[in-house]
2 protein chains.
Amino acid sequence: MPNTKAYAAQAATTPLAPFSFDRRTPGDHDVQIEILYCGVCHSDIHQVRDEWGGSIYPMVPGHEIVGRVTAVGSHVKKFAVGDLAGVGCFVDSCRTCANCQEGLEQYCDEGMVGTYNGRERVTNAPTYGGYSTQIVVDENYTLKISDKLPLEGVAPLLCAGITTYSPLRYVGVRKGHKVGVLGLGGLGHMAVKFAASFGAEVTMLSSSPSKEADAKKLGAHHFALTSDPATMNGLQNHFDFILNTVSAQHDYSTYLNLLKTNGTMIVVGVPPTPSAVPAFNLIFKRRSIIGSLIGGIKETQEMLDYCAEHHIVSDVEVIPVQEVNEAYERMIKGDVRYRFVIDIASLK
Amino acid sequence: MPNTKAYAAQAATTPLAPFSFDRRTPGDHDVQIEILYCGVCHSDIHQVRDEWGGSIYPMVPGHEIVGRVTAVGSHVKKFAVGDLAGVGCFVDSCRTCANCQEGLEQYCDEGMVGTYNGRERVTNAPTYGGYSTQIVVDENYTLKISDKLPLEGVAPLLCAGITTYSPLRYVGVRKGHKVGVLGLGGLGHMAVKFAASFGAEVTMLSSSPSKEADAKKLGAHHFALTSDPATMNGLQNHFDFILNTVSAQHDYSTYLNLLKTNGTMIVVGVPPTPSAVPAFNLIFKRRSIIGSLIGGIKETQEMLDYCAEHHIVSDVEVIPVQEVNEAYERMIKGDVRYRFVIDIASLK
């Protein structure tokens, strides 16, 4: 049973602090991974603080994991000791429902098993995430990681990357499309990179004028200040797609009106209360709203391979784990460009 | 200038009453149509009573029009005197924007010209609808009507028919799909007929147990009572599509939860205030909501031809125009199976 050092929350109201526990002994199909980097996702904060309810403590957050394989089970085929490996938001699912069969494990009928704050299917043991020195995961839920990219920039691809890549692919974003990205944070900055990489004309929609320079550096062709009525008026019926990453409360209809006929708003952020949708705003231009959740294993691998080929990584600030509580506070203020990543060497 | 008898509202608070006016003299591209039947759409009530604002009085409602051509302009090619003809929800549009060029005149960038309660593009004269003995319309905005079907049942196809046909075609409903139709009224009864005709397995979702027999007669394979929690629970993650025809206030999330992964709720009803949409309900199954507005001229003709081929008409109650105010009150109570159609002979 590999003993593991970690940072954990003991309750919704306490800061993350040192913690240690035993990972399961690797089974026949498992890979054991020494974690090198783990990204810090906004959903870590929501779950640590039990803002979505049902949190399991102690909680070791982290689902943007890259590391190196240190042991493999006897039946493991995809990985060998020494390989780079990644783990995203889930580590298991039922494997038999229609969604799992189609490679859409994130929509598993029985529910995916979260990399942390979940329970293992057979043992019901709580799962612990990537703010830790190692992890043991079934090889079918483990991703292959290229050695061509800086690993700290790869870690956030496992959540922020696939969360934006998957819906942009699903709706078919390509050259000739006008794409708006609403909100420039962990998700938004990846959405800009992917949409631009797919050939679309990308506009960053943000309420912070200070983000214009960064948005353009990330690949946005235009910047639109959402607080400026003239700008917003000029963008009515303009976009084929808007990828909405905002999880603060906001008015969907303002942005629906920026979509042209047949345009689609992709929702990946979860505001704390439901947003009002006036039917007229949809009906009068055949507009749609679609939600999307991370991506399946197959598509996550496709995304990682695409990133390696196109040299796409997340823009990150690397921190030692000892600074994670401060990092949470900065994230809540939007003060991070654009993802904190924990250097797990700091845990050892 | 053809003098025309009609029923009109003089103000938002007065009942419809006899009225007469002059139609424009047919131009080179116009057809003059003696109206035989005109359907009564719920949007007639909204506009007569100025519930959407901006109503123009006197108002002659009616945009589900079938009749016979009595005169044609010198350049008219599609119609000859004696032909059957139909007019739907609009009689003109800019003809040059991308939407008009694609045959999506209903989404015209400059706004379609409503068959009534609109203004002609050049003259700015108010438009008057089908509760009248005749109408003059550009041939490009006039539909060809088959003589194979009872005309009173054809009239509602021009609005209720195309409003449901168009989105079911747009999302690609076909054999193998499970389709729910929410609300059994003028729109809902056509949605059931079309979805079943396209090969889908159709479930009527209604809060009125009394509608089960009718729903099945219309072609629904199943009936689900929306007020029964056990029934609703059994339909979680069940449908590929739900066509939502309800214009009363209701909770979208209840019905979103009935959609399987990648499922879509099509919204054609307009509740009086915006509906709340919890992002989680969309995100956790990649569900979407799409709005749709009637259909363009080309698709409306396609729908009429499809109906002639497949013997699809609306189920109607034919009334003399003198009973239209009473019909409005019955419609508000949902007491019509499933569309009132005015026999325009009663106006002559």
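These figures come from a predicted structure and were not determined experimentally.

Draft legend 1. Representation of the nonpolar core within the structure. Counting residues in each nonpolar core, the largest one holds 234 residues, and the members touching the most others are Y131 and F194 of chain A together with Y131 and F194 of chain B. Not counting chain neighbours up to four residues away, the residues in contact with F194 of chain A comprise G161, T164, Y165, L168, M303, Y306, C307 and I312 of chain A.

Draft legend 2. Representation of the interface of chain B and chain A. Each partner contributes residues to the interface: chain B has 35 residues there, and chain A has 35 residues. Contact between chain B and chain A buries roughly 3000 Å² in total, counting both sides, with carbon and sulfur atoms accounting for 67%. Counting the surface chain B buries against chain A, the share from its top three residues, Y107, I283 and R286 of chain B, is 24%. Viewed at the interface, chain A and chain B are joined by 2 salt bridges. Taking the shortest distance from any N to any O, the salt bridge between K285 of chain A and D109 of chain B comes out at 3.7 Å. The tally of links between chain B and chain A comes to 11 residue pairs in polar contact (both at pLDDT 80 or more). Secondary structure elements with two or more residues in the side of chain B that touches chain A: helix 4 (160-170), strand 14 (259-267), strand 15 (275-277), helix 9 (279-283) and strand 16 (288-291) of chain B. Among the residues forming the side of chain B that touches chain A, the class breakdown is 22 nonpolar, 9 polar and 4 charged. Note that strand 16 (residues 288-291) of chain A and strand 16 of chain B share 3 bridges and pair antiparallel. Paired with S288 of chain A across the two strands is I290 of chain B, which belongs to strand 16 of chain B.

Draft legend 3. Local environment of the packing of aromatic side chains. This structure, assessed with the given rule, holds 22 aromatic pairs over all chains. With 6.1 Å between their ring centres and 75° between their planes, F90 of chain A and Y141 of chain A make a pair best called edge-to-face. Note that F90 of chain A is positioned in strand 6 (residues 90-92) and Y141 of chain A in the loop between strand 8 (134-138) and strand 9 (143-144), a separation of 51 residues in sequence. For F90 of chain A, a relative accessible area of 4% gives the class buried. Three or more aromatic residues joined by ring pairs make a cluster, and in this case those are Y165, F194, F198 and Y306 of chain A. Sitting over the face of the ring of F79 of chain A, K144 of chain A holds its NZ or CZ atom 4.6 Å from the ring centroid. Here the guanidinium or amino end of R169 of chain B rests over the ring plane of F198 of chain B, the centre of that ring lying 3.8 Å away.

Draft legend 4. Representation of the relation of the copies chain B and chain A in the model. Overlay of chain B on chain A (RMSD 0.0 Å): rotation 180°, translation along the axis 0.0 Å. The transformation relating the two chain copies, once decomposed into turn and shift, fits a two-fold axis. Within chain B, the C-alpha atom positioned nearest to the axis of rotation is that of A276 of chain B, 2.2 Å from it. When you check the interface residues of chain B against chain A, 100% turn up at the interface there too, and the contact is symmetric in its surfaces.

What counts, and where the lines are drawn
Residues numbered from 1 in each chain as written. Chains lettered and ligands numbered in written order. Predicted model: local features only at pLDDT ≥ 70, side-chain atom pairs only at ≥ 80, totals over all residues. Heavy atoms only, no water. Core = buried A, V, L, I, M, F, W, Y, C linked by side-chain atoms within 4.5 Å. Buried < 20%, exposed > 50% of the residue type's maximum accessible area, 1.4 Å probe, protein only. Contact = heavy atoms within 4.5 Å. Buried area = accessible area lost by both parts, 1.4 Å probe. Salt bridge = Lys/Arg side-chain N within 4 Å of Asp/Glu carboxyl O. Polar contact = N/O pair within 3.5 Å; in protein donor to acceptor, adjacent residues only side chain to side chain. Helix = DSSP H or I, 4+ residues; strand = E, 2+ residues; numbered from the N terminus. Nonpolar A, V, L, I, M, F, W, Y, C, P; charged D, E, K, R; others polar. Pairing = 2+ DSSP bridges. Phe/Tyr/Trp six-rings, centres within 6.5 Å; stacked < 30°, edge-to-face > 60°. Lys NZ or Arg CZ within 6 Å of the ring centre and 35° of its normal. Least-squares fit on C-alpha atoms with pLDDT ≥ 70 in both.

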